[in-house]
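Close look at the chain arrangement
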Amino acid sequence: MRKFDTKVQYLKYKVLREVAREAWNDSLAKNAINIPNVIVPGKVPSMRCCVYKERAILAERVKLAMSDCSEPGNVIQVIDIACDECPMGGYEVTDACRGCLAHRCEDACRVGAITFDEHQKAHIDKTKCVECGACAKVCPYSAILNYKRPCQTACKIKAISMDENKAAKIDDSKCIACGACVYQCPWGAITDKSFIVNAIEILKGSENNTKYRTFAVVAPSISSQFSYAKLGQVITGIKQLGFDRVMEAALGADMVAKAESEELAEKGFLTSSCCPAFVDYVKKSFPDLVPFISHNLSPMATIAKFIKDRVKGAKVIFIGPCTAKKAEVKSDPVKPYVDVAITFEELQALFDSRDIDITTLAESSLDNASYFGRIFARCGGLADAVAEGLKEQGYTDFELKPVSCDGIEQCKIALLKKSKNLSDANFIEGMACLGGCVGGAGCLTHGEKNKVAVDNFGKKAREKTILSAVSDIEKDI
């Protein structure tokens, strides 16, 4: 049964699985150099020019799979030698150009980059073109196309350009680690650092002594993943990896919904703090709005803080769909509470590195967060939860005017309007990934079905209010 959307994800998974196997066996330092040969043995067919280049690229993937959570720098990285196959044409005139009389493209171009040959076919002077796209918009034959690289198209904040060797280059001052480029790159030339080795070291330490308990905090979007098995089997599989307990990040979401609705009623305007990529975007692109970012930690950090405040020496590993969480756990406000963040892709690699077939396992239950805590995983869920939090806490006079932003482009529009006083919204729910967390770059699969799965998962807990969910968890640890 298919576990991944793309073959790029599958290749990435195979590297992670082999790195994890060696890490469990304490043989990673000795055998890491051989992993590319294990994945591409002999003279097998390759998408590259030769099997030797494929192995060289795999060696770079292995290095990134062996990253350390304490390392500085961006969690999103370019594998330079893998980035060499995409066109860089920008706007080009195709054979669909009919050499028409109107020449609307010429009139639309404000920099004089359009010329015509003896057949009246249009041509674009790349030395003048500013890639505004005006010519493409007015062409009646749709004969002008924009040949951008997939990574550039995916990056809506324009953090990706090309270096002198025509490889992708990431501007860390703009990048928000959302991972859109990671998922969209057809060659896997952009990838996220993995902290899977850090996670294994924590789990091995938990097995070998009784000095600390290890908690898995799982994002509610897990309900939309691992579709080949039941959710309860996934939870049992996580426990078999060596975790003492599996808890829902949705319980942290219930706590955030309670606190954030209070903060909103007090201050009158907030932007959400749940999506680390969105928060980073506000800080980098809309500094005037930084004072209005909710002071609450994200649901992940909130439940992790709750755990560590009550369990001495506890270790917390977050499992979710988000590459930006890997950056968040390295930030000063969060690193005391979350030790490591891994993705669902990496969780699948962990299962298979230990030969755990989750389809054969009995089911385990998951801590029962509220419906509203669980639907944080999809766009609009946070706004619904804040509305419920206001109602449950008696803020009946406060009129909530939320804007739920589905993807970073909508976030930009909402923030721009608010910064220019063109919006009366008093709560901006920012989700950097399309669909919300269910569209995260670290998901095994993507699509509308993920949102449906999360809603169905939420309905199983609908009898609980936010306040009762918070009250129950406070009694539980």
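Here we summarise the structure given alongside this text.

Cut-offs used in this document
Residues numbered from 1 in each chain as written. Predicted model: local features only at pLDDT ≥ 70, side-chain atom pairs only at ≥ 80, totals over all residues. Heavy atoms only, no water. Phe/Tyr/Trp six-rings, centres within 6.5 Å; stacked < 30°, edge-to-face > 60°. Helix = DSSP H or I, 4+ residues; strand = E, 2+ residues; numbered from the N terminus. Buried < 20%, exposed > 50% of the residue type's maximum accessible area, 1.4 Å probe, protein only. Pairing = 2+ DSSP bridges. Axes fitted to C-alpha atoms, helices over the stretch in contact; angles between N-to-C directions. Contact = heavy atoms within 4.5 Å. Lys, Arg positive; Asp, Glu negative; His and termini not counted. Salt bridge = Lys/Arg side-chain N within 4 Å of Asp/Glu carboxyl O.

This part covers the packing of aromatic side chains. The final tally for this structure, using the stated rule, is eight aromatic pairs. Judged by centre distance (5.7 Å) and plane angle (25°), the rings of Tyr-10 and Tyr-13 are stacked. Placement of both Tyr-10 and Tyr-13 in helix H1 (residues 7-24) is noted, with a separation of three residues, approximately one turn of the helix. The class for Tyr-10 is partly exposed, based on a relative accessible area of 39%. Given the relative accessible area of 6%, Tyr-13 is considered buried. Between the aromatic rings of Tyr-281 and Phe-286, the centroid separation amounts to 5.8 Å while the plane-to-plane angle is 70°, which identifies the pairing as edge-to-face.

Here we take up the sheet that holds strand E9 (residues 214-218). One open sheet holds the four strands; their spatial order is E10-E9-E12-E13, and the pairing between them is parallel. Single-partner strands in this sheet number two, and they are strand E10 (245-248) and strand E13 (340-343). For this sheet, the mean angle separating the axes of adjacent strands, direction not counted, is 25°. Judged from the four bridges that link them, strand E12 (residues 315-320) and E13 form a sheet pairing that is parallel. Bridge pairing in E13 links Ile-317 to Val-340. Contacts from helix H13 (residues 299-310) reach E9, E10 and E12, with the element oriented near 160° to E12.

Looking at where Arg-149 falls in the secondary structure, it is placed in the loop between strand E5 (144-147) and helix H7 (150-154). This buried residue, Arg-149, is left without a salt bridge; Asp-163 holds the nearest opposite charge, at 7.1 Å. Contacts of Arg-149, omitting those with residues within four sequence positions, involve Cys-83, Cys-86, Pro-87, Met-88, Met-162, Lys-166, Ala-167 and Ala-168.

A few words on the pattern of salt bridges. Scanning the entire structure with this criterion turns up 28 salt bridges. Among the ionic pairs, Lys-204 bridges to Asp-26, the shortest N-O distance being 2.3 Å. Of this pair, Lys-204 sits in helix H9 (residues 196-208) while Asp-26 sits in the loop between H1 and helix H2 (28-31), and the two are 178 residues apart along the sequence. Exposure remark for Asp-26: the relative accessible area of 63% places this residue in the exposed category. Linking Lys-193 and Glu-71 is a salt bridge whose minimum nitrogen-to-oxygen distance equals 3.6 Å. A residue pair is termed long-range when its members are at least 10 positions apart, and Lys-193 in the loop between strand E8 (190-192) and H9 and Glu-71 in the loop between helix H4 (51-65) and strand E1 (76-78) qualify at 122 residues. A relative accessible area of 8% means that Lys-193 is categorised as buried. On the basis of relative accessible area, Glu-71 is assigned to the partly exposed category, the value being 29%. A single salt-bridge network, built from bridges that share partners, covers Lys-12, Asp-192, Lys-326, Glu-345 and Glu-346.

Honestly, that's just the spatial picture; any functional story needs more than this.
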